[in-house]
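Residue strings, one per chain:
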Amino acid sequence: MPVQKVNDSSDLDAKVPSHLQRTSITSLTMTSEPSHRCVKATVVHKGPVISCAQKDGIEMLRAEIKEEDPLQRTAEHTSINVIFFGTLAKDFSQSARQGDVVLLADFTIKKSPSFLRDKLHPCQLEMDGKDDFVYVCPSAGPSHGPSSSEAKYTYVPLNDLKPRTVVNVYGVVTFFKQPFPSKGSDYCSTLKITDQSDFKVGCNIFSKKLEDHPILFRVGDIIRLHRFKTDVFRDSMSLLNTFGWSTVTFDGTTDSPVVPRTSSKSFHFGESDIRTVQELRQWAANQSWISNDLKVSLSTVKPGMYFDLTCQLLAKAVMDSRCILLKVWDGTKCKHPLLNVAVASDALEGESTIVKDRMNLTANVLVYDNHLEMARELKPGTFLQFYNLHALLQRAPDQQPDQSEHLSFHLHGGTSYGRGLRSLPAESPALQSLKSVLEKHVDLDEYDEVNDGTLLEIWYTPPEAVVRTCEHNTRRLTLARVKRSTPPLSCHVRARVKKYKPQQLYQCLKLFCSNCKTMEDVPDDSAVAKVFRESAKDSQPCDEQWAATSSASSREPGRTISMHISRDMVGESTHMQLIFIEGTTLDEICVLSRDYKNLVPVRSVNSRMTLMDLTAPFLFSGDKRYYGCKQCSLNTFQNPVFTGVETWDEQAVAQALGVQLMQYRLLIQFELEDQTDTLEALLWENTERFFHVSAVDASGSQDLQDKIQTIMDTIQPPDSSLEERPWLDLCLSVYTVKDDDRNKVCYQITNTEIKEE
């Protein structure tokens, strides 16, 4: 039967047939006999009508109802899910809303598949409309949303929260973390709140959209939470967002305007909200945990502190893929000398900071790991808030042991203790005092015209993305001193090569994908030849409308060799610069590549042309072979375009074929030794400069490979003792990488080359 409405809750009891007995939700079990029972409860959540795939697309609606019997307040499982099917789902969606009282009878009791997730009743009720009946008594007023008169919301004090209820609350933020990726597809915000009851409650918010998360700037901000579910976690009350949730935040500063912060385009905000925010501000202003806030200025920073810093971004520089430098100031002068992390002027985005550096006004903050995404988006001039910034004393490599250490700042990876950063709106009340201090230094800007390159004393970046000459005048360090130093830094060392690997130098040639950072060995000829043999088996010529094809029989019976060129290129001067070849062996294509500039080996699949397995090169060009990344390549010939290219090289071919070109790199690991210690260092980014050899040229030239071997025999002569080997003056970069969630210190030889006779 359809859903029926009654005018008063007392009328619901009159609608109960005499053969039915009203039962409580808490007493329902899988063994209960539902045919003679009915339940009366309040709708606390109503979902949309959706299609149920498990029941051949029949429409369904899920609702949550809660028993409001005062005698059941302390009982567990007073809320239960109800699933409506078919026309009953539509009727219920149109007739009932949150806050209405319902009477349900002739339902079916099933096990709830969401019990472990939603912590409601272990059973659920199902109603398909055949013999079931549903009565609805509308609530007295609107359950939520704005209206012409002020909407009626009930806010529960934090000390009155009961488990497994949906509530609205206000609170003062005592701790928070900026949104961070959860293990699923959502971002997660974590915060703790309190109110005048001095009862503290944790809160977790999950949402796929960053803009939906609460906009919090500092401890003491006020937050309003609507439609959050309560639960007990580790003996403490906690809140979790549920269907229809929303948040609004306010600045916690006393006497500042009560301006709501939210991304929602429609929300309720009235006089009662203003009064509540003002009352919470007044109460929080007298609390010790507010007055002892961790936010400090640079003038009061002490070594070893973890603190919050409000400041302005002057300039930034990408140091490498793991670290970004932010040059900031707050207008105050630090009592400790600040470590200068200078970069070349062409690598710096923003204004010059030389005058401020000299006056000890600029803090150089190194940002790592999960905070890089936010740091990349920042623009010079932006106001920032750092959370849990770490101040460390660090000695520059050229300093003497008796010289004082300098103060450096690091925003480490992770979110512990709320660690993070975010931009602040220029109109934020929290910035008024900062702006006043900065205005006193406005005259400094006209003197900031000196080139930052004059300050290059230390290189503080791992070498992955750095190309420069070694112009810094750092003092030479022993290997023992280098290993005791705090990264990141750059220094000079004098050492001998104790050993290196790989000993077979052809193994030092690697393939590197700049997109996904994959590095792998160059496949040997036996593996490549196998790919060619398998592709040539039963090969039938491709039939592509865009290709002109010529074929010839091979020496092997049944195997045909076909050559294809783009019809668009016929008649152009470039038509022989790009040829697709099918049905050859590895030896045959190597012979053909001596006479043709670019040969692309292909195979036929259902008469359509496709590339071979990318274990094999996708391009042969003279003595050189080019490989594509298996993870990043599209490997497609859909609507290929081969016109408009004046010169076909490996880059142009890769782009036309949808292939991510892998770069040839040379990688060698040295074990260095001096009179104090040993140290393992990589030769990676600087290898080509070190040997005066291009890796791609070396891949196809035995002469160049012999040249590398000759150089290695010079710095480590065969059968020589360590004392017989030459001393090498090297530039060394020290940096950290993540290894199983731990920071691992690495060393790399940079800005060094072999002297050629």
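Everything numeric here is computed off the predicted structure, so don't read it as measured data.

Student: Got a minute to help me understand the overall build of the protein chain in this structure?
Tutor: Helix and strand content of the protein chain: 15 helices and 37 strands. In the protein chain, buried positions account for 48% of the 757 residues. Looking at the protein chain alone, contacts between residues at least 24 apart form 65% of all its contacts between residues at least 6 apart. For the protein chain, the accessible area works out to roughly 37700 Å², and carbon and sulfur atoms hold 48% of it.

Student: Looking at this model, I keep getting lost on the pattern of salt bridges. Mind explaining?
Tutor: Within the structure shown, the criterion is met by 22 salt bridges. Measuring nitrogen to oxygen at the nearest pair gives 3.6 Å for the salt bridge that ties Lys498 to Glu673. Here Glu673 lies in strand β34 (residues 668-673) and Lys498 lies in strand β23 (residues 489-501), a separation of 175 residues in the sequence. When the shortest N-O distance is used, the salt bridge between Lys630 and Asp613 registers 3.8 Å. Of this pair, Lys630 sits in the loop between β32 (624-626) and α12 (650-657) while Asp613 sits in the loop between β30 (608-611) and β31 (619-621), and the two are 17 residues apart along the sequence. Its relative accessible area of 52% is what places Lys630 among the exposed residues. On the accessibility criterion, Asp613 (41% relative accessible area) is partly exposed. Three or more residues are tied together by salt bridges with common partners; here these are Lys498, Lys499, Glu671 and Glu673.

Student: Would you mind showing me how to read the packing of aromatic side chains here?
Tutor: How two aromatic rings sit relative to each other is set out by the distance from centre to centre and by the angle between their planes. Taken as a whole and assessed by the stated rule, the structure comprises 13 aromatic pairs. Measuring from ring centre to ring centre gives 5.3 Å for Phe133 and Tyr135, while their planes differ by 65°; the resulting arrangement is edge-to-face. Phe133 sits in the buried class, given a relative accessible area of 7%. The exposure class of Tyr135 is buried, given its relative accessible area of 10%. Pairing Phe176 with Tyr387 gives two aromatic rings, centres 5.2 Å apart and planes at 80°, and the pair type is edge-to-face. Taken together, the residues Phe176 in strand β11 (residues 166-181) and Tyr387 in strand β20 (residues 383-394) connect sequence positions 211 residues apart. An identical accessibility class is assigned to Phe176 and Tyr387; each is buried. Here the aromatic residues Tyr500, Phe670, Phe690 and Phe691 are joined through ring pairs into a cluster of three or more.

Student: Looking at this structure, how should I read the sheet that holds strand β14 (residues 222-233)?
Tutor: Spatially, β11-β12-β13-β15-β14 is the arrangement adopted by the 5 strands of the closed barrel, whose pairing is mixed. Shown here is a sheet whose adjacent strand axes are inclined to one another by a mean of 50°, direction ignored. Pairing analysis gives 7 bridges linking β11 to strand β12 (residues 187-194), with the strands arranged antiparallel. Counted as the bridge partner of Pro181 is Tyr187 from β12. The sheet contacts of helix α4 (residues 271-285) involve β11, β12, β14 and β15 (236-250), and relative to β11 the element is tilted by about 65°.

Student: What should I look at first to understand unusual backbone geometry in this one?
Tutor: Keep in mind that most residues, glycine aside, have a negative phi and that most peptide bonds are trans. A cis amide bond links Pro487 to the next residue, Pro488, at an omega of 0°. Looking at where Pro488 falls in the secondary structure, it is placed in the loop between α9 (479-484) and β23. Backbone torsion omega between Lys501 and Pro502 reads 10°, so that peptide bond is classified as cis. With a phi angle near 65°, Asn360 is a residue other than glycine that sits in the positive phi range. Among the secondary structure elements, Asn360 is positioned in the loop between α6 (354-358) and β19 (363-368). A positive phi angle, near 60°, is found at Asn388, a position not held by glycine. Relative to the assigned elements, Asn388 resides in strand β20.

Student: Help me understand the sheet that holds strand β24 (residues 509-512), please; the structure alone is not making it clear to me.
Tutor: The strands that make up a sheet pair up through hydrogen bonds in the backbone, lying either parallel or antiparallel. Taken in spatial order, the 3 strands make up an open sheet running β25-β24-β33, and their pairing is antiparallel. Taken across any chain shown, the strands that pair with only one partner, and hence form the sheet edges, are β25 (519-521) and β33 (663-666). Looking at each pair of strands side by side, their axes are set apart by 40° on average, direction ignored. Bridging between β24 and β25 involves 3 bridges; their strand directions are antiparallel. Among the inter-strand pairings, Lys510 is bridged to a residue of β25, identified as Asp521.

Student: Would you explain empty space enclosed by the protein in this entry?
Tutor: Gaps left between atoms show up when a probe the size of a water molecule is rolled over them. Tallying each qualifying case throughout the model produces 3 cavities of 30 Å³ or more. Going through the elements one at a time, β11 and β12 are the ones with two or more residues in the lining of the largest cavity. Among the residues making up the lining of the largest cavity, the classes are represented as 5 nonpolar, 3 polar and 2 charged.

Student: Looking at this model, I keep getting lost on the nonpolar core. Mind explaining?
Tutor: Burial of nonpolar side chains together is a common tendency in soluble globular proteins. Core analysis: the biggest nonpolar cluster contains 55 residues, and Val482, Ile668, Phe670, Phe691, Met712 and Leu732 have the highest contact counts within it. Dropping the residues within four chain positions of it, Phe670 is found in contact with Val497, Lys499, Tyr500, Leu679, Glu680, Ala681, Leu683, Met712, Ile715 and Ile749. If you look at the next biggest cluster of nonpolar residues, it comprises 27 residues, including Val167, Ile205, Met237 and Tyr387.

Student: So what exactly am I meant to see when it comes to the environment of Tyr735 here?
Tutor: With respect to the helices and strands, Tyr735 occurs in strand β36 (residues 728-739). Among the residues examined, Tyr735 registers a relative accessible area of 6% and is labelled buried. Between the C-alpha atoms of Tyr735 and Gln748, which are 13 residues apart in sequence, the distance is 8.5 Å. A polar atom in the side chain of Tyr735 sits 2.8 Å from the side chain of Gln748.

Student: Explain the side chain of Lys510 here, please?
Tutor: Checked against the element boundaries, Lys510 lands in strand β24. On the accessibility criterion, Lys510 (15% relative accessible area) is buried. At a separation of 3.2 Å, a polar atom in the side chain of Lys510 contacts the main-chain carbonyl oxygen of Gln507. Ignoring anything within four residues of it in the chain, the contact list for Lys510 reads Met519, Glu520, Asp521, Val522, Gln663, Tyr664, Arg665 and Leu667.

Student: What is the right way to look at the environment of Val531 in this model?
Tutor: Tracing the sequence through the fold places Val531 in helix α10 (residues 525-536). In the structure, Val531 is positioned 81 residues away from Met612 in sequence and 7.5 Å away in space, judged by C-alpha atoms. Among all residues touching Val531, those that are not within four sequence positions of it are Met612, Asp613, Thr615 and Ala616.

Student: How do you make sense of the pairing of strand β5 (residues 58-66) when you look at a structure like this?
Tutor: The two faces of a sheet get side chains in turn, since along a regular strand they alternate between them. Of the strand pairs in this sheet, strand β3 (residues 37-46) and β5 are connected by 4 bridges, and their pairing is antiparallel. Within the sheet, the bridge partner assigned to Lys46 lies in β5 and is Ala63. Relative to β5, strand β4 (residues 50-52) runs antiparallel, the two sharing 3 bridges. By the bridge assignment, Ile50 is partnered in β5 with Met60. Taken together, the 7 bridges between β5 and strand β6 (residues 79-85) define a ladder with antiparallel strand orientation.

Student: Just to check I follow, could you spell out the pairing of β20 for this structure?
Tutor: Among the 12 residues in β20, 10 count as buried, and that is most of the element. Two strands pair when backbone bridges link them, and β20 and strand β22 (residues 420-424) are joined in this way by 5 bridges, in the antiparallel orientation. When the sheet's bridge partners are listed, Leu384 is paired in β22 with Ser423. Examined bridge by bridge, β20 and strand β21 (residues 406-411) share 5 bridges and lie antiparallel to one another. From the neighbouring strand, Ala391 faces β21, where its bridge partner is Phe409.

Rules used throughout
- Residues numbered from 1 in each chain as written.
- Predicted model: local features only at pLDDT ≥ 70, side-chain atom pairs only at ≥ 80, totals over all residues.
- Heavy atoms only, no water.
- Helix = DSSP H or I, 4+ residues; strand = E, 2+ residues; numbered from the N terminus.
- Buried < 20%, exposed > 50% of the residue type's maximum accessible area, 1.4 Å probe, protein only.
- Contact = heavy atoms within 4.5 Å.
- Areas by Shrake-Rupley, 256 points an atom, 1.4 Å probe, with all protein chains shown as cover.
- Salt bridge = Lys/Arg side-chain N within 4 Å of Asp/Glu carboxyl O.
- Phe/Tyr/Trp six-rings, centres within 6.5 Å; stacked < 30°, edge-to-face > 60°.
- Pairing = 2+ DSSP bridges.
- Axes fitted to C-alpha atoms, helices over the stretch in contact; angles between N-to-C directions.
- 1 Å grid on protein atoms, 1.4 Å probe; cavity = no way out; pocket = protein on both sides within 12 Å on 5 of 7 lines; lining within 4 Å.
- Points joined across faces, edges and corners; volume = space filled by probe spheres on them.
- Nonpolar A, V, L, I, M, F, W, Y, C, P; charged D, E, K, R; others polar.
- Core = buried A, V, L, I, M, F, W, Y, C linked by side-chain atoms within 4.5 Å.
- Polar contact = N/O pair within 3.5 Å; in protein donor to acceptor, adjacent residues only side chain to side chain.

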